Amino acid sequence: MSSILRIALQKSGRLSEDSYQLFKECGIRFDYGTGKLKSVSSNFPAEFLFLRDDDIPGYVEDGVADLGIVGENVAVESARNIDTVHRLGFSKCRLSLAIPRGNEWNGIQDLSGKNIATSYPLILGNYLREQNISADIHVISGSVEIAPGIGLAEAICDIVSSGSTLLSNGLKEVEVIFRSEAILIARPTLETEKQSLLDKLLFRIKAVQAAKNNKYIVLNAPNAALDQIKSLLPGMKSPTVTPLATEGWSSVHSVINENDFWENIEAIRSAGAQGILVIPIEKMIY
Ligand code: ATP
Ligand code: MG
């Protein structure tokens, strides 16, 4: 029997939509959101399992699933024997220490001998050890932010993205201890056939990510400005330059990194470029 990859995804939560979207953009079709716990892809040798995110690292370690998508926070805290095969760039958040808003903060030493409530005892414990702080860690599985208000702890360590939950519970963020994003995890030793399916999947994921980070740019430029514009738009190999019907002008086509775009666009315009079009790229293969 030819092999198929079993991929564990969060059933419904902050990782789900972007995980489903990623496979869609990789051209891998499967049904989700139907209430079923698994679904076989109609066009790629993969079966998807829909689970609570906390269970995913364990299922991957045990071999129930070959791959999974989880937050790095959950992967690290699980202490399972799993490999991070790729960083996915979504579900970004941070694990932070927070204290009641009215309290003074002079630094991490303020937590010495205090109680800290968290669902991340391992990550927090490691951090405190690195900082040479001894404090009591109280493990609670949810609603950590109410702990100071009910006298359970003097501080908390929890996931923060915008900080609005902290604010509404009268807390302030004082220290970031861990930064997280969604990651693709795998069992450390995959059979040869499964490894080659994973390689195919990674090839597609990288093409999708590269496309997201780059834009196709088309512009018109006077021929005298071409050398300068070409140096600002190196593209994948070099830009395409074709003559316009108007004498002395050319059309330049290239690819530009999203991060460089706003930096370079002024220089490109000052060099004499006109009619600049910036177009999204769907897939990009180097
Ligand atoms: P489940 O029901 O599957 O156990 P959950 O409630 O434990 O879900 P979610 O709140 O859906 O988990 O968060 C899943 C992951 O998304 C977190 O472990 C973290 O990596 C990331 N995350 C959490 N909060 C945010 C946020 N506000 N913005 C972006 N990413 C976040
Ligand atoms: Mg969970």
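Placed above this text is the structure.
Residues numbered from 1 in each chain as written. Chains lettered and ligands numbered in written order. Predicted model: local features only at pLDDT ≥ 70, side-chain atom pairs only at ≥ 80, totals over all residues. Heavy atoms only, no water.

J.: How should the site of ligand 1 be read in this particular structure?
T.: Contacts to ligand 1 come from 15 residues, most closely from Arg-14, Arg-52, Asp-54, Asn-73 and Ser-161. Asp-54 places a polar side-chain atom, nitrogen or oxygen, 2.8 Å from an oxygen atom of ligand 1. Protein chains bury 77% of the 640 Å² of accessible surface belonging to ligand 1 in isolation. (Near = heavy atom within 4 Å. Polar contact = N/O pair within 3.5 Å; in protein donor to acceptor, adjacent residues only side chain to side chain. Areas by Shrake-Rupley, 256 points an atom, 1.4 Å probe, with all protein chains shown as cover.)

J.: Explanation requested: the packing of aromatic side chains in the structure shown.
T.: How two aromatic rings sit relative to each other is given by the distance of their centres and the angle of their planes. One pass over the structure, following the stated rule, counts 9 aromatic pairs. Centroid distance Phe-23 to Phe-48: 4.9 Å. Interplanar angle 75°. Geometry classified as edge-to-face. Taken together, the residues Phe-23 in helix H1 (residues 16–25) and Phe-48 in strand S3 (residues 46–51) connect sequence positions 25 residues apart. Each of the two residues, Phe-23 as well as Phe-48, counts as buried. Linked through ring pairs, Tyr-20, Phe-23, Phe-30, Tyr-32, Phe-48 and Phe-50 together constitute an aromatic cluster. (Phe/Tyr/Trp six-rings, centres within 6.5 Å; stacked < 30°, edge-to-face > 60°. Helix = DSSP H or I, 4+ residues; strand = E, 2+ residues; numbered from the N terminus. Buried < 20%, exposed > 50% of the residue type's maximum accessible area, 1.4 Å probe, protein only.)

J.: Help me out: how do you make sense of the nonpolar core in this one?
T.: If you look at soluble globular proteins, the nonpolar side chains tend to sit buried side by side. Counting 29 residues, the largest nonpolar core has Leu-97, Ile-116, Ile-177 and Ile-185 as the members making the most contacts within it. Contact partners of Ile-116, with chain neighbours within four places excluded, come to Leu-97, Leu-111, Leu-124, Leu-128, Ala-135, Asp-136, Ile-137, His-138, Ala-153, Ala-155, Ile-156 and Cys-157. Judged by nonpolar contacts, the second largest core, of 28 residues, contains Leu-9, Ile-28, Leu-202 and Ile-205. (Core = buried A, V, L, I, M, F, W, Y, C linked by side-chain atoms within 4.5 Å. Contact = heavy atoms within 4.5 Å.)

J.: I'm lost on the pattern of salt bridges in this one. Help?
T.: Between side chains of opposite charge, a pair can form when the charged atoms approach closely. Enumeration over the complete set of coordinates arrives at 14 salt bridges. Of the charged contacts, one joins Arg-87 and Glu-181 as a salt bridge, the two residues approaching to 3.3 Å between their closest N and O atoms. Of this pair, Arg-87 sits in strand S5 (residues 83–87) while Glu-181 sits in the loop between strand S10 (171–180) and strand S11 (182–186), and the two are 94 residues apart along the sequence. Owing to a relative accessible area of 39%, Arg-87 belongs among the partly exposed residues under this scheme. Among the ionic pairs, Glu-258 bridges to Lys-215, the shortest N-O distance being 3.1 Å. (Salt bridge = Lys/Arg side-chain N within 4 Å of Asp/Glu carboxyl O.)

J.: Would you explain unusual backbone geometry in this entry?
T.: Backbone phi values are negative for most residues with the exception of glycine, while trans is the configuration of most peptide bonds. In this structure, Ser-91 takes a positive phi of about 50° despite not being glycine. Its place among the elements puts Ser-91 in the loop between S5 and strand S6 (93–100). With phi around 45°, Ser-143 is a residue other than glycine that occupies positive phi space. Taking relative accessible area as the criterion, Ser-143 reaches 49% and is therefore assigned partly exposed.

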